[in-house]
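# Fold and contact review
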Amino acid sequence: MSATDTIRNGEEREPAFGFWRRSYAMLVKEFIQLRRDRVSFAMIIMLPVLQLTLFGYAINTTPRNLPTAVLTQEDTDLGRSILKAMENTSYFHFTREVHTVAEFNELLQSGKVLFGVEIPRGFERAVRRGDRPALLVAADATDPVASGTALAALGPLVQTALAHDLHIGDPPDMPFEIRAHARYNPAAESRLNIVPGLVGTILTMTMLIFTALSVTREIERGTMESLLSMPIKPIEVMFGKIIPYVMVGFIQAGLIISIGVLLFGVPVLGSLTLLGLLTTLFITTNLSIGYTFSTIVQNQLQAMQLSMMFFLPSILLSGFMFPFAGMPVWAQYIGEVLPLTHFIRIVRAIMLKGAAMPNLQYDTIALAALMLFAMTVAVTRFRRTLD
Amino acid sequence: MNGGPTSTQPSASSIAIDVKGLTKSFSGREVVHDLSMQVKRGSIYGFLGPNGSGKTTTIRILCGLLTPDSGEGTCLGYDIRRDADKIKRKVGYMTQRFSLYQDLSVRENLEFVARLYGMPDARGAAADMIARIGLKGREEQLAANLSGGWKQRLALGACTLPNPQLLLLDEPTAGVDPKARRDFWNEIHALAAEGLTVLVSTHYMDEAERCHEIAYIAYGHLLAHGTVDEVIAASALSTWTVTGEDFNGLMADLTDKPGVDMVAPFGTSLHVSGRNKAALETAIASYRDNPKWRWQPSEPSLEDVFIDLMGRSKDNFRK
C-alpha cells in the first residue's frame, strides 16, 4: 500500500509543464557544454565561412586555360595561326612543346597536360593543295567534364578565328579537318572517371576517421595515463596504431576496386601490383594525417570536425568532382597538398591509361612527402606527459 | 647538477625515492608546494591527505607523467627530470581511475603490458599473474565486466607484472569492499617482503596504520611524516575519550570552547582534543564531574591527528 502512496505522492508533486522544464534543463546544459568547448565553437563559425568562400571561388565546371602540349612536326605560319586561334578560345593553354610522339604520349598519360595538338609534317602544303588534311587534337577524356567543353568549342571557334585571321575560305568550307580524339575514355562515360576517384575518396574518409579518434579515445577513456606511465615511445604508439589499419584499408581498397571492375566494368590497364603498392602508400598517408589530427585535438567531436574540414576540400579540390586544371592557381596549390589529388591522378592513370611508375613519380613522391610530414608532426606533437 | 645519485649504482642505494622542493602549478594554482620526501627501499610508504591535496600530482611527478615546475630528485637513483624513460621501466603505476582497456579481456590486458615491457614470454607471464591475483577462470572476461574489487586486482597485477622495483599506487582501495581491501593489503605486504618499495596514497586510517611510514599532505604542503607513532607523538595533541550517553549537547558546548580544538564522535564515544594540554583540561573541567559521562585521558588516534593537521593547514594556507 505504501508503494502506491509514494507513487501517488510523486504524481502529485509533478510540476506543471514538466516536459518543457526537463527539455529546457537539458538544453541549457548542452549550451553550457558547447560554450566550454571553444575549439568546437570556433569550428562551427569557421567551417561554413571558410568552406563556402574557398569552394565558391575555386570550383569551376567550365574550366579554361587547360594545359595543352603541342607536337610540331613543321614550323609554319598556318600552324602558328591555328595554335594562336586555339589559345584565343581561352580553353587551351600551351604549356609544352614536344617533337616526338613518345614525349607527346607520355605527357598525356602522366596527366601533365589534358590536351595535345599535333601539327603533322607537310600540313601547310596539304592545306594549300586543298587536300583537307587532319589536325589531330588528342584529349585526356578520363574526366569528361574537363575535356568535354573544350572539345565541343574547338571546331567552330577555331574556324571562326582562322577565317578572320587568315582569310582562308569561309567557315563552311574549312581547308583542314580537326580530328578530336578522346583518349582513355572515348565514350566519355563518367563512371570510368568516377569509380577510380571513388576508390580514393572512400579510402580518405574511412582511413582518416580510423586514426583521427585513436589518441583522443585513449585520453577520453582514461587509458592514456597508464599508457604514458609505461615505457613506450611516441613513434611506437603511432606505428602500433597505424599498421593495423593499413591492412584494413588494403582490404577495403581491394573490395572497392573489385566492385569497380566487376560491376562497373572499369578496366585496370596498368599493373595491379603497382596499383596495390601506391594504394597502400595512399592509405598510410591518410592514416598518418588522421593520427596527426588526433594528437592535435582535445576530444572526439573536434577530431570529427577536423576530419570533415579536411575531407570536404579533398572531394572538391582534388579533381574528383571538378576538373583540377579548371581551378584558379591558388586553389590548385591547396589541391597539391591533399593526398587525394595525387592519388586520383595515380589511380586514374593506372586504371584507365595503363600508366607505369615513370609517369607517376611526381605524385608518388608527393604522397610520400605528405606522409612523412604528417608523421613528423604527429610524433613531435604527441604529449608524453599529462602537463 | 648534483650528478651524485645518478652516477652511483642505483640499486646499491637504500633510498628509493629522494626528492627535494617539488613544486607544481596548474593554471596559476599551486598544487604541490616545496615538497621533499625520502622513501626507503623495501618499505611501504603511506601517502595521506584530503582530496585535492596534491597526492596524485606528486605521484605523477615521481613516475615522469608530470614535469615539476621546480625541485629535483631521484626515483630509484634516476633523475626524475632527465631519466623518465628509465624510471618507467622500473616503476609500476596504478592509477586512481581504472585505466586498463575496458574492451580487452583480463588476459589480453596483461599480455599487452607484458609485451610492452618486452618480457620474453608474454603469454606465460600473463598466465602466471592471472594465477597470482586469483583471476583464474576469468581470463577471458572483459575488463569492463569485472566488479570493482576484481578490476583493482587486475590493475595491481598489471603494474606488478613487469617486476618493478617501485610501486606507485594512487588510492588503490577506493570503493573496494573490506574483504578485498584486506586481501589487497596482504598482497602489498607480500610484495614489500620481496623487496619492492610501495608508495600508496589512501584516505583510510586503518590502511595508514598498515604502512611502515606515512606522510601527510594537505593543500600541496607536506605537513608530517614518519612512522605512525612518530606522527602521533609529533602532533603534541592531548585527547580525552568520553563514554556515556547523550553527547549532542556536550558536542555543541565543547566545540566553541577555547582550548578545545577538535570534538569528534567515534561510535559510542567522543574524542575531545586540544593542542594545549592545560587549556584543554580547563575547558573540560566543568563537564568532568557530570555523572552522565566518563572521561579518560587517551592517545590521539591517527585520525584525530590528521583532522587536526587539516584544520591547521586550512588556517595557514587557505586564507
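Conventions we followed
- Residues numbered from 1 in each chain as written.
- Chains lettered and ligands numbered in written order.
- Predicted model: local features only at pLDDT ≥ 70, side-chain atom pairs only at ≥ 80, totals over all residues.
- Axes fitted to C-alpha atoms, helices over the stretch in contact; angles between N-to-C directions.
- Helix = DSSP H or I, 4+ residues; strand = E, 2+ residues; numbered from the N terminus.
- Parallel < 35°, antiparallel > 145°, perpendicular 65-115°, else oblique.
- Left-handed = near helix turned anticlockwise from the far one by under 90°.
- Contact = placed C-beta atoms within 7 Å.
- Expected span 1.5 Å × (residues − 1).
- Buried ≥ 20, exposed ≤ 12 C-beta atoms within 10 Å, placed from the backbone.
- Arc of directions from axis to C-beta.
- Core = buried A, V, L, I, M, F, W, Y, C linked by C-beta atoms within 7 Å.
- Nonpolar A, V, L, I, M, F, W, Y, C, P; charged D, E, K, R; others polar.
- Pairing = 2+ DSSP bridges.
- Domains from an automatic or database assignment.
- pLDDT = per-residue confidence, 0-100.

Residue and element names in this part refer to chain A. Closest axis-to-axis distance for the helix α11 (residues 234-264)/helix α12 (residues 272-296) pair is 9 Å, and the angle between their directions is 135 degrees. The angle between the axes of α11 and α12 places the two elements in the oblique class. With respect to the hand of their crossing, α11 and α12 are arranged in right-handed fashion. When α11 is examined against α12, the residues M238, K241, I242, Y245, V246, G249, F250 and A253 are found in contact with a partner set consisting of T279, T280, I283, T284, L287, S288 and Y291.

This brings us to helix α4 (residues 77-88) of chain A. Given 3.6 residues per turn, any residue in an α-helix points the same way as the ones three and four places further on. All names here are of chain A. Relative to the 16 Å expected for 12 residues at 1.5 Å per residue, α4 spans 16 Å between its end C-alpha atoms, a close match to the ideal helical length. Looking at α4, one finds that the buried residues are L78, G79, I82, A85 and M86. In a view along the axis of α4, the buried residues occupy a sector of 125 degrees, so they form one face of it. Turned more than 90 degrees away from the buried face of α4 sit D77 and R80, all of them exposed. Of the residues flanking the end of α4, it is S90, one or two places downstream, whose phi is positive at about 70 degrees.

Attention now moves to the nonpolar core. Judged by nonpolar contacts, the single largest core of 88 residues is most densely connected at A:L66 and A:F115. Residues contacting A:L66, with those up to four places away along its chain left out, are A:Y91, A:F92, A:H93, A:L114, A:F115, A:A146, A:A150 and A:A325. Among the nonpolar cores identified, the runner-up in size contains 76 residues, and B:L65, B:L76, B:A84 and B:Y219 belong to it.

Let us look at the interface of chain A and chain B. With 13 residues of chain A in contact, the opposing surface of chain B contributes 17 residues. If one sorts the elements of the side of chain A that touches chain B by residue count, helix α10 (residues 223-229) of chain A sits on top with five residues. For the side of chain A that touches chain B, the residue count by class is five nonpolar, five polar and three charged.

Turning to the sheet that holds strand β2 (residues 92-98) of chain A, a few remarks are in order. Residue and element names in this part refer to chain A. Taken in spatial order, the five strands of this open sheet run β2-β1-β3-β4-β5, and their pairing is mixed. Among the strands making up the open sheet, the edge pair consists of β2 and β5 (177-183). When the angles between neighbouring strand axes are averaged without regard to direction, this sheet yields 25 degrees. As defined by bridge partners, strand β4 (residues 134-140) adjoins β5 across seven bridges and the pair is classed as parallel. By the bridge assignment, L135 is partnered in β5 with I178. Seen against the sheet, α4 touches β1 (66-72), β2, β3 (115-119) and β4 and runs at an angle of roughly 140 degrees to β2.

Turning our eyes to something else, we now look at the domain arrangement of chain A. All names here are of chain A. By the assigned domains, chain A splits into domain 1 (66-183) and domain 2 (190-386). The interface of domain 1 with domain 2 comprises 12 residues on the first partner and 14 residues on the second. Looking at the side of domain 1 that touches domain 2, the elements that each hand over two or more residues are β1, α5 (101-110) and α7 (144-166).

Turning next to helix α15 (residues 339-353) of chain A. Residue and element names in this part refer to chain A. For α15, which comprises 15 residues, the first-to-last C-alpha distance of 20 Å matches the rise-based estimate of 21 Å (1.5 Å per residue) to within 8%. Here α15 lies mainly inside the structure; 15 of its 15 residues are buried. Following α15 by one or two positions, G354 has its phi on the positive side, about 65 degrees.

On to the confidence of the model for chain B, then. Close inspection of predicted coordinates is inappropriate in any region flagged by low pLDDT. All names here are of chain B. When pLDDT is averaged along chain B, the result is 88; 94% of the residues meet or exceed 70. No element of chain B has a lower mean pLDDT than helix α1 (residues 4-7), which averages 42, and none a higher one than helix α4 (residues 106-116), which averages 96. Throughout residues 1-12 the model reports pLDDT below 50, and contacts reaching past four residues in sequence, or to other chains, amount to 13 contacts.

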